[in-house]
Every structure is written in structure tokens, then in C-alpha cells.
2 protein chains.
Amino acid sequence: MTRYQRLATLLAQRIEQGLYQAGERLPSVRSLSAEHGVSISTVQQAYSLLEEKQLIAAQPRSGYFVARQGVTPPLPPITRPVQRPVEITQWDAVMDLLTARLDADVLPLGSGTPNIDASTLKPLWKIIGRLAHQQDPRLLNYDNLYGVPELREQIARLMIDSGCRTTADDIVVTTGCHEALSVSIRATCQPGDIIAVESPAFHGTMQILRGFGIRVIEIPTDPQSGISLEALELAFEQWPIKAVVVVPNCNNPLGFIMPAARKQALLTLAQRFDAAIIEDDVYGELAFDYPRPITIKSLDIDGRVLLCSSFSKTLAPGLRVGWVAPGRYFDRVLHMKYISTGSTATQTQMAVAAFIRQGHYQPHLRRMRHYYQRNLETFTCRVRHHFPCGICVTRPQGGFLIWVELPEPFDAYRLNENLRRSGIQIAVGSLFSAAGKYRNCLRLSYAHAFTDKTERALAILGTALKKAVLSCSSLVERSQHQEREEGRASLKEND
Amino acid sequence: MTRYQRLATLLAQRIEQGLYQAGERLPSVRSLSAEHGVSISTVQQAYSLLEEKQLIAAQPRSGYFVARQGVTPPLPPITRPVQRPVEITQWDAVMDLLTARLDADVLPLGSGTPNIDASTLKPLWKIIGRLAHQQDPRLLNYDNLYGVPELREQIARLMIDSGCRTTADDIVVTTGCHEALSVSIRATCQPGDIIAVESPAFHGTMQILRGFGIRVIEIPTDPQSGISLEALELAFEQWPIKAVVVVPNCNNPLGFIMPAARKQALLTLAQRFDAAIIEDDVYGELAFDYPRPITIKSLDIDGRVLLCSSFSKTLAPGLRVGWVAPGRYFDRVLHMKYISTGSTATQTQMAVAAFIRQGHYQPHLRRMRHYYQRNLETFTCRVRHHFPCGICVTRPQGGFLIWVELPEPFDAYRLNENLRRSGIQIAVGSLFSAAGKYRNCLRLSYAHAFTDKTERALAILGTALKKAVLSCSSLVERSQHQEREEGRASLKEND
Ligand SMILES: Cc1ncc(COP(=O)(O)O)c(C=O)c1O
Ligand SMILES: Cc1ncc(COP(=O)(O)O)c(C=O)c1O
């Protein structure tokens, strides 16, 4: 046994004996080195070994912590939304979310913005600078309506990784995935039509549907395998559903990747009921496992899948460069694109095309996949430490969003208001439901570097959740008590 | 009398005597200098004097031509569209227009793209380069939904020139004027509603209305004073019109500026019938006269005017930076903006804001106003020379678009197809009517430098128009003849 293995064993024993409690911070490398008369690097090797064994977890700039074992919070159960078409509201809450992400004094834990600090993104600045230097008049002029040809070619090439044999001519560039979704929905549906969505579903999509006067039917969704095909089939039989909107890869907010067989089954179902599938793949390239998962679009044989995506999550949202591969709806999508914004800004398209062509994109993606995966580990470890028992947490397979479910009468809306005084913002679950469900849920982001501020925020959030859970159970008990009382009363009445 | 004045008088006499015919090219400066034994600069001074007197016109790179006097083509009469709500079609023809403007082999005389070659635009490149160099992370991140505050402040300041007391908080930045129009229409109307428009009207607006299932009632419009208030009042009395879309300043395609009193009268009418006014001011800053004309928005007292504009015509369309000042519809516009594209691309907004702040915008505007006005002179002179009698031509008060009307059965659609073989493209008049009227009209642009290519194109176009006018009159004669014959036949039947 080497020196560092011996030290690791010793530390493991102490953890087992409860000398270092779960969630507790371990001694610093420097102090252990002094205590045991070993070198700094020996301590570091010992810690690395324990980390590999998942006994402890490292947190950048904070040190090492004892991992909570056996207390991985359970996954949320499959969701149970209202089983009929409803109108969407919640716009005020969406505005709150959008405003908070720009307030420098607020830690936007609920925001869906990616990390844009990576050094692998730096070449983009150089490219933009060079484009300006070259003064190519194309940058100032109206682009063609489809988008810059170079960019469409690069996008078609990227889509090969998801199993698609798309060409540049199958693609329409859009102002972000927002516009891609917006034109796809309008190309496939009329006001008053019904669309089926996962439940919970991305609030942007919900607002788009609302804006066009589309009714929504929310389908139960499993946090590991995605939309319930059984429930969807039932809905298809009951309602004239025109299209299904899904985020099958690294779902927002649940984080799952739909297994390939279920993707095929969903497509078959859509074929049977002649519905379009609007597939939002905006996080697909951020799946932790490589190669990336396939899209439903890759299985499509009759052009009914409209694939929507953007570089907002993989590169930078401020570029507003997205795209749609609309299959048989191409002409209608093009028309909708024209009336929505005309052609797309040229310069950012050219910049992204050059970034990919020059080989910067794949290394950046690789870096971000690893970065988010590591962040998730730290984040989950600290969530386990700070959050109370009795909550459920998703296990994302990619992206940078996590979903937390609390016992039923809990009100995330009120929590968000209270937290704001501490400069913390979360995404309230009800944003993700047309019918205002999921008030007991919240979405958190681990996109950004885990700092002392994050640690403090999770601690404050944890305390609030513990209080909430306590009062919830008392609420539950009270209401159960009340029911029993009422039961007795009614029994008496029946006497 | 100086030497050059003597020469000028001599030349004027020759023109009067018909030695140099209207439209003919005058001798080159060099040859006149040799002929009369005077210096080059003397000849140039003589020509300048004749130009001032509008006896001759200079054409860059082609020399001087005898002006056609007394043959200024008449203005088109007030338009007479169908007086009921109709559905919009014409999408194929719009696509043709959009495609042609990007074909390097085609001279896009019908396109609405501005000139982007001016040296006063150059600082924009430097600014973009500098922004990239500074690596401000705001450029990569989601902007706030309203738009970059610096830009909104600059826009509010610009709007003072049009008489508006708008603040940054009244403005929502959009992806071009297209999106501004699109969200304004959706914020004020539902599918199935009726909107009144000028006739002819910008084809983009027509397509937006079509895309949202809005019905359109086209109002007769005068090529000098704009939409007929009498006809609009009648329409208001007959139909539940929700909004009026107008381009009152440097109208596309007619080029008029609506007199201020008529703007006020239009607003009063909208108040009386409680309709919104969607005012498209995208060419307003390109009015030839300074100071620029007021907007209807500047007269608005109850927030019913939604002012839409962009930097597409004044700076560069590829930037896709526009805005809307939506008055009382602010919240609905913001929601529609969110579901259309989310936030607007950050970088181009920052670039435009810096361009204005650093004082580059006003000199550029001044330059472009003069440039377009001079181009219009040359263009009109050559149109007079090449085009046949019997046509009407507008007299734009700003912008860079001219409208030509031919006798009724003339088919600009077929003409466009034929011209394409010669590498020339025009905008067919029927694009500007929901009911497909104005097939006998065409729109031409004088935005770009008048070159030999333009001269050749106008010559080819003129020849085609002459032929068309001839066959039109024969067509008219023939159909009149036919009517007479039929009249006689029916008389016989009645015998
Ligand atoms: C699932 C999903 N789709 C689409 C979008 C919008 O992407 P973009 O910023 O490219 O419009 C988001 C971003 O929040 C998202 O989470
Ligand atoms: C009258 C009018 N409004 C709006 C637009 C669209 O402007 P933008 O390119 O900013 O979307 C145009 C451009 O063709 C136009 O002529």
C-alpha cells in the first residue's frame, strides 16, 4: 500500500465511523498534509481516490465534502397533468424570469442561460472582428430568406451526428429556436387547434401556443423516458390533435433522453393519427454521453417532423441563430418565416458558419458537455447536503437544468418571492404547465461555475425548503385531520 | 458675358433650334473644348450652368444629355381598388422578388434594398470590430426583451425629430421593421378581423396580414397626398375595421409624404371609430426636405398609434434592427415579441447604438438624402427619355422608389418574365394589392449608382414599354371595336 492509499483508507474509516458527517467539509489539503506529515500531492492523490469511489465530492474553490450515500433523492414520479385541452396563462411569471436573468444583484438559479465563459468560445470574437475588418458587403445586406448557404451547409453536416441525412436545402435559418418553434407551430396549426405537449413543457413553447390561440393538451411525462405514449394514444383517440411538441433530448425541464425505441414509437403514433411532430433539439448536442442521441427527425420517412434548434445553448444565445428543418412543411414555414422577421441577420450567421468550419465547434461542445456534467455532480452533491428528505430530484442526462419536486401543497411561487429578498431567483414549476400545475416544483440551473455564492444560495434555498416541507407535512396532517373530522361529522349527520 | 456664359448661350440656342434633340447626348467636354478653343473648365462651367437651368442633365460616367422639357410624365391618378375586404395571395411573386435581389447576374431594379456603399457607413465596421475586440459578454447573452437600453435611448432621441416625445421605456426593439409590423398587427387584431391599408401597399405588410388570416380592405390612395380620408370614412362606416396600416412618410411604393393636416385628420378618424393606427415610418428619415416630416405618432394623445420602423433603409438591412413604439398596446406587443423571436440579437443593437452615439448617424443620413435625391433627378431624366408617352410616373418626396403606371390591359407580370432574359428585374405592381390589382404598374428603385448598366436597362425597359403601350392601345381599340360589334349584334337580336 502506498502512502496516499494508506491516507485514503484512514479517511474512509473516519467517514464510516461518522467522524466526518455526510455533507460536511473535509480538512483542507494543507492541514491534512501538516497533520499526517505527508506531501500536498499525497493528500491530493488520496482525495482523488476517494472522489473516484464517490465517497467524497470536490467543489471548485470550496474544497472537498463528504458525499451523502444512500440518500440520493428519488426521481419524481410520472406527471399527472389535466387530461383535457386548456388555455395557457402565466405570462407575468415568464416576464419575471426573463427580467431576473439580467439583474446583476440576483443569482438567477432559475434561468436557462448557458455558460459563455469557456475559452473554447474565444475564437468567435476573433472571427467577428475579422469579418468586420473584411467589410464584406453581404453582412450589411438582406440575406436570402433561407439563410446564409455556408451556415446551412454546416448545420446539415452537424445534423449527421443525430442520424439525419439532411441537406442545406432542407434547412431554414431562424432568429433563435424561438422563431423556429413559432413558425413551425403556425405552419402546422390554425388558431383553435389542439397541440399535445410534454408535461411539464418549456414555458417559451407554452407562450407561443398561447399567442396563436392554440389549445394545449398536457401529456403525462416520465422523468426518465419522456412523454407517455399510452397517454398520448388515448389523447389522440379523444381529441383532433394536429401536432405534438416534444424536447426528446436533454429535456427542458426534466433532463431525460427519450430512448430510441420510444422515439420510433412516438413517430409511428403520429403517423397513425396523421399529426406533425415539432421536435425541439436545442439541448441535444449537450448530452453527456457521446455520440449524441438520435433525433426523431432521423427516423422520419414522410416529412412530418419539423426539427427546431439553435446555437443558443451550445454557443451563445445573444447570437440569435437557430434553424428549422421543416420536412414537408418547408414552403409554409418559409412563408411564416418571411412574415415573422423577413431574412435573418447576416453577420452572426457568417460568424457561426466560420466558427464551425474552422473546427472550433466540436472542441467547444466537448468541453461544455464535460463542464456541465462535472457541475451536475457538484450541484447534486450540495443539493443532497442542503435539501430536506421528502423531495424528488431529476437525474439529467445532458444540458444544465434540474427539476425539484416537493410535497403537494408546497408553493414555489411564494418561495420565489421570499428568496428574491436574498437575491436568489428560481424558476417556478407552474411556468411549465398550461393549466398552472407544478406549483410545488422548481427548476434550477447548474450552468454556471459553482461558487461560494451558489453554495450560500443552495443553503438558503435548503433552509426554506426544509421549513416548507415541515409546514407541508403539517398542512397535509392538518388537512387529513380535517378530513377525518369532517368524515366523523358526516357520519354523525347520517346517524 | 464671360467665356463660359457665351458658350452656354450658344449651346442653349442649338438645343432650342433642335440641333441637339431632347434626350440626345451632348458632345463630350473634351471635343467641345477643341471645337471652341476654350479650356476644359470653361466647358464644364457652361454645362453646369445649363444643368442648373434644367436644360441638360448630367449622368455619372455617361456625360450630358438634353433634358426633355414639357414632357414630364403625369402623376398616376388616385387609385381605385376593390371596395371590400379580400384575402391576400401573391406569395410566389414576392419570393421571386426576394430571390432576384441576390442573383448577381440580375439588375434588381425592383428591389427595395438601400445603397450601402457610402463612406459615411464605414465607421460601423470599425465599431463592430471594436465590440468584438472588447469581448463584452453582454454581446453573447440573451438581451432583455425590450432591447438594449443604450439603443432605446438613442432611438427615443431620434424620434424627437419627427415630433415625438417618446422615452426609451416606450420602445421595444425588434428584428427589423418586419417584426415590428408583425407584432403590432397581432397585438391589435385577431384572425378574421379587418384591417384597412393604403392601395397600393408594401407587399411585406400584405403577406403578414395574410399569414395571420386578417382580411384587408384597400383604400384609394392619392400619389401626392396619401390615403383617401373620404374613402376610409366610408369603409369605417361599412366595416368593423380594427386598425389602419399606413406608410405616411416617403410611402412605399408611391413616394408621397402625407400633409400634416391629413395626418391629423386620419388620427381623428381613427379615434372616432376607435381603431388603432399602425404607422410604418421606415423611410421617414429619408425625406428629401429637412427637417423631416412629422409622424402621426407625434400627434397621438391616447396611445392608439403603434409606430414601426427600422435602420434597414437608413443604415443597412442585414443588421435586422428595428423598433416599435406601441403606445397603449405595449404589453401585448411585448408578449408577441417574446413568442416571435425571444430577445433580439445583442451585438447589432450595440453597434447601431454606438454608431448613433458617436455622431455618425446624422451625417450619413444627410449624405443619403442628397444621394437619393440626385439619383432621382438622373433617373427621372432618363425615364423621360426612354419611356413612351401615355404612362404616369410618381414624384417621390423621399426614399428611393418610383411607381410607373401603364394603360390598363398592360401586363407587368409578363414584362418581368421577358426582361429576366436580359438580366433585369422589376417589381410587379400586383404585389402591392391584396386583390391582385396594379398588374399594369411597376415599381423601380433608384437607390443605386446610375451606371451604364442602368442606362441600358432603362433603354431595354423603355423599348418593351413602348411596344406594350402600342399593343395596349391596339388592344383597347380592338376591344372597343368588339364591343361595338357585339352591340350591333344584340341590337339585331332585339329586332
Ligand atoms: C427547450 C427550449 N427550446 C427553445 C428555447 C429557445 O431557444 P432560443 O434562445 O434559441 O430561442 C429554449 C431556451 O430557453 C429552450 O429551453
Ligand atoms: C414600407 C416598408 N416597411 C417595412 C419594410 C421592412 O423593413 P425591415 O427590413 O426592417 O424588416 C420595408 C422593406 O422592404 C418597407 O418597404
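This one's a predicted model, so the numbers in the text were calculated from it and none came from an experiment. (Residues numbered from 1 in each chain as written. Chains lettered and ligands numbered in written order. Predicted model: local features only at pLDDT ≥ 70, side-chain atom pairs only at ≥ 80, totals over all residues. Heavy atoms only, no water.)

Draft legend 1. Structural detail: the sheet that holds strand S6 (residues 215-222) of chain B. Residue and element names in this part refer to chain B. As summarised here, the arrangement of the eight strands in space is S4-S11-S10-S9-S8-S5-S6-S7, forming an open sheet in which the pairing is mixed. Where the open sheet ends on each side, the last strands, each with one partner, are strand S4 (172-174) and strand S7 (226-227). As defined by bridge partners, strand S5 (residues 194-199) adjoins S6 across six bridges and the pair is classed as parallel. When the sheet's bridge partners are listed, Ser199 is paired in S6 with Pro220. Contacts from helix H7 (residues 176-188) reach S4, S5, strand S8 (241-246), strand S9 (276-280), strand S10 (305-310) and strand S11 (322-325) within the one sheet, and its direction differs from that of S10 by about 160°. (Pairing = 2+ DSSP bridges. Helix = DSSP H or I, 4+ residues; strand = E, 2+ residues; numbered from the N terminus. Contact = heavy atoms within 4.5 Å. Axes fitted to C-alpha atoms, helices over the stretch in contact; angles between N-to-C directions.)

Draft legend 2. Up close: the interface of chain A and chain B. Chain A puts 62 residues into the contact, and the matching count from chain B is 62 residues. Among the residues chain A hides against chain B, the three largest losses belong to Trp125(A), Leu140(A) and Tyr142(A). Together they make up 19% of the total. Inspection of the chain A/chain B interface yields zero salt bridges. Summed over the shared surface of chain A and chain B, the result is 19 residue pairs in polar contact (both at pLDDT 80 or more). Taken together, the elements giving at least two residues each to the side of chain A that touches chain B come down to helix H4 (91-100), helix H5 (123-134), helix H7 (176-188), helix H8 (203-211), helix H11 (330-341) and helix H12 (346-357) of chain A. A total of seven residues in the side of chain A that touches chain B trace back to one element, the largest contributor, which is H11(A). For the side of chain A that touches chain B, the residue count by class is 29 nonpolar, 24 polar and nine charged. (Buried area = accessible area lost by both parts, 1.4 Å probe. Salt bridge = Lys/Arg side-chain N within 4 Å of Asp/Glu carboxyl O. Polar contact = N/O pair within 3.5 Å; in protein donor to acceptor, adjacent residues only side chain to side chain. Nonpolar A, V, L, I, M, F, W, Y, C, P; charged D, E, K, R; others polar.)

Draft legend 3. Here's a closer look at the pattern of salt bridges. Residues and elements named next belong to chain B. All chains considered together, the criterion is met by 28 salt bridges over all chains. Of the charged contacts, one joins Glu233 and Arg272 as a salt bridge, the two residues approaching to 2.9 Å between their closest N and O atoms. Note that Glu233 is positioned in helix H9 (residues 229-238) and Arg272 in helix H10 (residues 260-272), a separation of 39 residues in sequence. Overall, Glu233 belongs to the partly exposed group, its relative accessible area being 26%. For Arg272, a relative accessible area of 52% translates into the label exposed. A salt bridge links Arg439 to Asp411, with the nearest nitrogen and oxygen atoms 3.1 Å apart. Highlighted residues: Arg439 in the loop between strand S15 (427-428) and strand S16 (441-445) and Asp411 in the loop between strand S13 (401-405) and helix H14 (412-420), separated in sequence by 28 residues. (Buried < 20%, exposed > 50% of the residue type's maximum accessible area, 1.4 Å probe, protein only.)

Draft legend 4. Expanded view of the packing of aromatic side chains. Scanning the model with the defined rule gives 24 aromatic pairs over all chains in all. Between Phe236(A) and Phe273(A), the aromatic rings sit 4.7 Å apart at their centres with planes inclined by 0°, giving stacked as the arrangement. Remark: Phe273(A) occurs in the loop between helix H10 (260-272) and strand S9 (276-280) and Phe236(A) occurs in helix H9 (residues 229-238); sequence separation between them is 37 residues. For Phe236(A), a relative accessible area of 5% corresponds to the buried category. Aromatic pair Phe311(A) and Trp323(A): ring centres 4.9 Å apart, planes at 45°, arrangement tilted. With Phe311(A) in the loop between strand S10 (305-310) and strand S11 (322-325) and Trp323(A) in strand S11, the pair connects residues that are twelve residues apart, well separated along the chain. Residue Phe311(A) is classed as buried on the basis of its relative accessible area of 1%. Among the aromatic residues, those joined into a cluster by ring pairs are Tyr283(A), Tyr371(A), Tyr372(A) and Phe400(A). Here the basic side chain of Arg382(B) rests over the ring of Phe65(B), its NZ or CZ set 4.1 Å away from the ring centre. The ring of Tyr438(B) has Lys437(B) lying over it, and the distance from NZ or CZ to the ring centre is 5.8 Å. (Phe/Tyr/Trp six-rings, centres within 6.5 Å; stacked < 30°, edge-to-face > 60°. Lys NZ or Arg CZ within 6 Å of the ring centre and 35° of its normal.)

Draft legend 5. The sheet that holds S16(B), seen in detail. Residues and elements named next belong to chain B. Strand order in the open sheet formed by four strands is S12-S13-S16-S15, with antiparallel pairing between adjacent strands. What marks the edges here is a single partner per strand, and that holds for strand S12 (392-393) and S15. Note that S15 and S16 share two bridges and pair antiparallel. Opposite Val428, over in S16, you have Leu442 as the bridge partner.

Draft legend 6. Structural context of H5(A). Taking 1.5 Å of rise per residue, the twelve residues of H5(A) would be expected to cover 16 Å, and the 16 Å separating its terminal C-alpha atoms lies within 8% of that figure. Those residues of H5(A) not exposed but buried are Pro123(A), Leu124(A), Trp125(A), Ile127(A), Ile128(A), Leu131(A) and Ala132(A). On the buried face of H5(A), the contacting elements are H12 of chain A together with helix H5 (123-134) and helix H12 (346-357) of chain B. (Expected span 1.5 Å × (residues − 1).)

Draft legend 7. Broad picture of the site of ligand 2. The environment of ligand 2 is formed by 14 residues, the closest being Tyr142(A), Asn252(B), Asp280(B), Ser310(B) and Ser312(B). At 2.8 Å, a backbone N or O of His178(B) approaches an oxygen atom of ligand 2. Contacts to ligand 2 include Lys313(B), whose side-chain N or O atom sits 2.9 Å from an oxygen atom. Here ligand 2 has 400 Å² of accessible area as a free molecule, and 96% of this is covered by the chains. Among the elements that take part in the shell around ligand 2, H7(B) stands out by supplying four residues, more than any other. (Near = heavy atom within 4 Å. Areas by Shrake-Rupley, 256 points an atom, 1.4 Å probe, with all protein chains shown as cover.)

Draft legend 8. Structural view of H7(A). For H7(A), built from 13 residues, the straight-helix expectation of 18 Å at 1.5 Å per residue is met to within 8% by its first-to-last C-alpha distance of 19 Å. A large share of H7(A) lies buried, amounting to 13 of its 13 residues.

Draft legend 9. Up close: the confidence of the model for chain A. All names here are of chain A. The pLDDT averaged across chain A works out to 89; a share of 93% of its residues lies at or above 70. This model gives residues 489-495 a pLDDT under 50, and the stretch forms zero contacts once residues within four places in sequence are excluded. Overall fold confidence (pTM) sits at 0.84, and the ipTM for the predicted complex is 0.82. (pLDDT = per-residue confidence, 0-100.)

Draft legend 10. Local environment of the environment of Ala243(B). Residue and element names in this part refer to chain B. One can find Ala243 in strand S8. Overall, the relative accessible area of 0% leaves Ala243 in the buried class. C-alpha separation for the pair Ala243 and Ile194, spaced 49 residues apart in sequence, amounts to 7.5 Å. Look past the residues within four positions of Ala243 in its chain and what remains in contact with it is Thr188, Cys189, Ile194, Ile195, Ala196, Ala275, Ala276 and Ile278.

Draft legend 11. Spatial organisation of the nonpolar core. Phe311(A), Leu442(A), Leu444(A), Phe311(B), Leu442(B) and Leu444(B) are the most contacted members of the largest nonpolar core, which totals 251 residues. Once you skip the residues sitting within four places of it in the chain, Phe311(B) turns out to touch Leu151(B), Ile155(B), Leu158(B), Ala316(B), Val321(B), Trp323(B), Val352(B), Ile356(B) and Tyr361(B). (Core = buried A, V, L, I, M, F, W, Y, C linked by side-chain atoms within 4.5 Å.)

Draft legend 12. Up close: the site of ligand 1. Around ligand 1 sit 14 residues in total, of which Asn252(A), Asp280(A), Ser310(A), Ser312(A) and Tyr142(B) are the nearest. Near ligand 1, residues from chains A and B are present, making the site a shared one. Here an oxygen atom of ligand 1 and a backbone polar atom of Cys177(A) are 2.7 Å apart. In this structure, an oxygen atom belonging to ligand 1 sits 2.7 Å away from a side-chain N or O atom of Ser310(A).

Draft legend 13. Fine view of the environment of Tyr438(A). Residue and element names in this part refer to chain A. Along the chain, the position of Tyr438 falls in the loop between strand S15 (427-428) and strand S16 (441-445). By relative accessible area, which is 6% here, Tyr438 ends up buried. Considering only alpha carbons, one finds Tyr438 and Val321, 117 residues apart in sequence, at a separation of 31 Å. Leave out the neighbours within four places in its chain, and Tyr438 touches Thr79, Arg80, Pro81, Ser199, Pro200, Glu218, Trp403, Gly429, Ser430, Phe432 and Ser433. A polar side-chain atom of Tyr438 sits 2.6 Å from a polar atom in the side chain of Ser199.

Draft legend 14. Highlighting the relation of the copies chain A and chain B. Relative to chain B, chain A is turned by 180° and slid 0.0 Å along the rotation axis, the superposed coordinates differing by an RMSD of 0.2 Å. Expressed as an axis order, the relation between the two copies is that of a two-fold axis. The rotation axis passes nearest to the C-alpha of Gly129(A) in chain A, at a distance of 2.2 Å. Same-surface contact between copies: 100% of interface residues of chain A are shared with the interface of chain B. (Least-squares fit on C-alpha atoms with pLDDT ≥ 70 in both.)

Draft legend 15. Seen up close, the packing of H5(A) against H5(B). At a minimum axis distance of 8 Å, the contact between H5(A) and H5(B) shows a crossing angle of 165°. It follows that H5(A) is roughly antiparallel to H5(B) by the angle criterion. In the packing of H5(A) onto H5(B), the handedness of the crossing is left-handed. In this structure, H5(A) contributes Trp125(A), Ile128(A), Gly129(A), Leu131(A) and Ala132(A) to the contact, and H5(B) contributes Trp125(B), Ile128(B), Gly129(B), Leu131(B) and Ala132(B). Residues of the contact of H5(A) with H5(B), tallied by class, amount to eight nonpolar, two polar and no charged. (Parallel < 35°, antiparallel > 145°, perpendicular 65-115°, else oblique. Left-handed = near helix turned anticlockwise from the far one by under 90°.)

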